[in-house]
Structure formats: structure tokens, C-alpha cells
Amino acid sequence: MAFNNDFRDKLKKYGQEQLLHFENTLDEKQKEKLHGQLQAIDWEYMDSLIRDFVLQKRETEIPHDLQAPFIFRCIPENEKQAGYYREAVKEGVRLISGGKVAVLTVAGGQGTRLGYDGPKGKFPITPINGKPLFRYSAEKLVRAGRKYSTSLKWFIMTSDANDRETKEFFKENNYFGLKSAQVVFFTQGMMPAVDYSGKILMESEDSLALSPNGHGGTLLALRDCGCLDKMKADGVDHISYFQIDNPLVSPLNPLFIGLHCLENSDMSSMSLAKTGPYEKLGNFCISDGKMQIIEYSDMPAELAEKRKEDGRLLFEAGSPAIHIFRLDFIQRLTKDGKLKLPWHRADKKVAFVDEKGSLLKPEKPNAVKLETFIFDALPFAQNPMILEGKRELEFSPVKNPEGVDSVVSCRRMLIDKDAAMMEKAGVKIPRNADGAISCKIELSPLSFLDVEDVVEYFKTAKVPELEKGKEYYFE
Ligand code: UTP
């Protein structure tokens, strides 16, 4: 196989002929691989992205008319709303039990900050048994399936960076108690990394330096891999979305799903009250009547710090990346096979081969990776609904080994959540003088999906008095 002259001319036209530098040294299989990668690129579009996002740093335009959106509070604000929430919970349960809701998890990222060698979902997270993130979520779905008498489908997005290893992990572990047919893997698209002079980098002589195209890639990938059609054929109407690195999340929250449906929302979002104006969560805002998320780093200081009369931040609703989508909304967005969500630039250290074929590993950022974000679908959504969640019940992302949003903080929050549910069930939890829990606790999601399950179990279970410094695992 050889690249024809038209193709060579095309690369030359866009200043990317370096990508064929090793062509003559490659065997047929290697050539085929490189050829496939190069053919898959829309060169005119790629060139415009390089000019807009790499050769210049495009300023994000912040609209002048930003307003705070309406949010449903986690605790209803009056009796009328309390009644509405009860109705929503019923609706949510009806939809889940009726097989109308599929679960979608994105797990295609590279987990660079965590520095873990392998798919992030394999990372052992639980405080006593070290259950991996994938197992922990899978067990919640096993329990949810039993609780709601339904066979849930779990769609997991991987990327070329981790697809094979993820699938093997599920197979080796018998799908963690789910049936293999319940778990559907699909892969997202990849984007080339580009150096600061606008040249696409190569990670080896026969491959571009490619990385996943961001969780915004989920929507088109669902379509392209036939998952939307599968869901439709299964009678699914709504999709409950979360990220694999947030083990605290309720994968199927009846109140959230019910409100989403009753509000006739295309795309609903959970929000958290931000801990301060600069917490690293995207801000829910309304502009020109449309919902959008403005990244924390783009929010002008005077808006980020603005407070209401009651002292709360005006833009207090931060996004933990938990959503519900209407299936027909995603179908509508992706129907012609194109979805142009805005691109976001990230400066990264990207290893690459130089002209001599030596692999170089830079110590500081040398290239731009381009990603799209799923929350940029919000402005297209009709009636987008926001429900405030309780942070301690919904969100503890595993981004770093320690510090903020880390393995350490997440393990502590997993213990706190389980302990709080046990306290609600009347179990006495040992605490230090400062209030911190002084033993380790882990509840298996196979039996304990929510506080209802915990209260039910501990009503009759004979539990020894919990002691400081000990470990307690309940299954
Ligand atoms: P993040 O970008 O926050 O985390 O993605 P990451 O990719 O795991 O780690 P870093 O940024 O390299 O340190 C949040 C969630 O979105 C998924 C991730 O797998 C994670 O669950 N994701 C991210 C994708 O599925 N695809 C992507 O292209 C990017």
C-alpha cells in the first residue's frame, strides 16, 4: 500500500507532510494503520481548528446577560413542592421499573492526573475491600435491578486508549454479577495532539499521537456505534449519565429522573452548592434564554463573587457532571451524523517521536489537545431542569492521588456516606472529639443501594457495638 499523490498533496497543503516521514521504513501492516488514521481526519476542518485553537489562544466569549437559573432545591421549599417531589419519585420509580431508563457511564479518559497505569475504572477505591470503580458501580446496578425488578442496560464509553483492557477486566470478573448482555461497550472518537507550531505529533513511526476527544464525544459515539438504535429498540426513553471516577453518585435517582420527566426536560443536570466562588466546578448560567455552563476559570471575578441578599452566591450552582438525557434529544442532535460542540483547548505534555525516530518525553507542556464537553449540549435542550444534590451523597471525584478530589478524600467520603446512612438506621458510629468517624466502614452496594436499604437491614440485624480503629464491612 502506498499513499497516492493527491493525498500527499493534501497533507502538504495543510503543512502536515511530516506525518509521512517514516513511510518508507514501514511494513504493510504499519502503513495500513497510519493510512487509516490519516484518512479518518477531515483535513479542512482539522486545519481550521489548528488555526483557531492552537496557533492562537481563542478567548472564551462570556455573554453579558448571564443570569442564575432556577434550581429545584434538594429539600423542597414548601408543602406544594414537597407534594411535587413525591409525585416525581413515583414517576422516577415507574420509569426505572418499566425499563425506560438506561445507564450511561463515560470511562474513556486517560486519568493522567491520577497517574494510574490502566483504565481508571480498574482503580481500587473502596476503603476496606478496595473494590475497583467499575465493580462498585456494577454492584449498584445489580442491586438496582433487583430493587426495581428490571434488567438494566449499562452503556460504558471507552476509548482506543483503554477499550481492550476494560472489556477484558469485565470478562475476567464475570461482569461483576451483571449479565454480559446488560453491559454494552462503545468507543469514542480520538483527536490528534498538535504542537505549538501547528504540526500534528506522532507517538510512533506508524501512529499519530491521538487522545480521546473529550466526553462531548459521547453523543456522536452513541449514534455511530448503534447504541441509540439499541436503546430505542429496548424501549428506553431516558439515559442516566455519570462519570466513572465519581463512586458516590446514585446511578438511578428516582427524584431526579422523575422531575426530569415531569418537567419535560431534554437534558437535566444535578447541581451542587459551590463551596466558594472559585471552586473548580462549572457554573450553571442562563444567557439569551438558554442554559449553559461557564467553566470556573472563565467566570469573571465580579460575577463569581456576587452574592444575593441572603448571602448565598448568585451563581452557586456548580456542575458535578451528573445528567439525565432524553433519548430523542440525543437522536435529534446527532441525526445527520454531525454535532459541532465547541472545542476546548488543553495544554499538555505529549510524548512524540522526532524526525530521527527517537521518542521524546517533554517535561513541560509542548502540545495542545482538543476536547469537547458534554455539558455544551445544554444550550440545545428544551426545558433543561436542574436539581440540587447533596454533595455528601452524590459527588466525590477521584482525580488526584491525594489532596482535593483525590483517592484519599473520596475514601473518606465513602465512609462518611455509609456511616451517615447507618446513623439514620439507629447504629451508633464512634467518632473522635472533632466529629470525625474513628473506624472504617464499607457497605456493599449489592445490598445497600440507598438509605432505605440500610434502614431496612439494620432494623433487624444484630450489630456489635462499633469500636474505634476497627474495620466493618457489611454485605
Ligand atoms: P476528566 O477529564 O476529568 O478525567 O474526565 P480523566 O480523563 O479521567 O483524567 P485526566 O483529566 O486525564 O486527569 C471526567 C470523566 O470523563 C471521562 C473520564 O473517563 C472520566 O470519567 N472522559 C474524559 C471520557 O470518557 N472521555 C474523554 O475524552 C475525557
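How each quantity is defined
Residues numbered from 1 in each chain as written. Predicted model: local features only at pLDDT ≥ 70, side-chain atom pairs only at ≥ 80, totals over all residues. Heavy atoms only, no water. Pairing = 2+ DSSP bridges. Helix = DSSP H or I, 4+ residues; strand = E, 2+ residues; numbered from the N terminus. Right-handed = clockwise from strand over helix to strand, strands pointing away. Near = heavy atom within 4 Å. Polar contact = N/O pair within 3.5 Å; in protein donor to acceptor, adjacent residues only side chain to side chain. Areas by Shrake-Rupley, 256 points an atom, 1.4 Å probe, with all protein chains shown as cover. Contact = heavy atoms within 4.5 Å. Phe/Tyr/Trp six-rings, centres within 6.5 Å; stacked < 30°, edge-to-face > 60°. Buried < 20%, exposed > 50% of the residue type's maximum accessible area, 1.4 Å probe, protein only. Lys NZ or Arg CZ within 6 Å of the ring centre and 35° of its normal.

Draft legend 1. The pairing of strand E20 (residues 440-443), seen in detail. Examined bridge by bridge, E20 and strand E21 (residues 471-474) share 4 bridges and lie parallel to one another. Considered in E21, the bridge of Ile441 is made with Tyr472. One crossover worth recording links E20 to the parallel E21 by way of helix H14 (residues 451-460), and it is left-handed.

Draft legend 2. Spotlight on the site of the ligand. Lining the immediate surroundings of the ligand are 19 residues, of which Gly108, Thr112, Gln188, Gly214 and Lys399 lie closest. In this structure, Lys120 approaches the ligand through a side-chain N or O atom, which is 3.0 Å from an oxygen atom. Between the ligand and the protein, one listed contact pairs an oxygen atom with a side-chain N or O atom of Lys399 at 2.6 Å. Taken by itself the ligand offers 560 Å² of open surface, and the protein chains cover 90% of this.

Draft legend 3. Structural detail: the environment of Glu423. Within the secondary structure layout, Glu423 lies in helix H13 (residues 407-424). Linking Glu423 and Leu443, residues 20 residues apart in sequence, is a C-alpha distance of 13 Å. Residues within four places of Glu423 in sequence aside, it is in contact with Ile429 and Arg431. Among the polar contacts listed, one links the side chain of Glu423 to the side chain of Arg431, at a separation of 3.0 Å.

Draft legend 4. Main features of the packing of aromatic side chains. This model, assessed by the stated rule, comprises 17 aromatic pairs. Pairing Tyr116 with Phe123 gives two aromatic rings, centres 5.2 Å apart and planes at 85 degrees, and the pair type is edge-to-face. Overall, Phe123 belongs to the buried group, its relative accessible area being 13%. Here the aromatic rings of Phe448 and Tyr457 are separated by 5.1 Å at their centres, their planes lie at 90 degrees, and the arrangement is edge-to-face. Taken together, the ring pairs in this structure connect Phe134, Trp154, Phe169, Phe170, Tyr175, Phe176 and Phe185 into an aromatic cluster. Seen from the ring of Tyr45, Lys340 lies directly overhead, with NZ or CZ sitting 4.5 Å from the centre.

Keep in mind that these numbers describe shape and distance, not what the molecule does.
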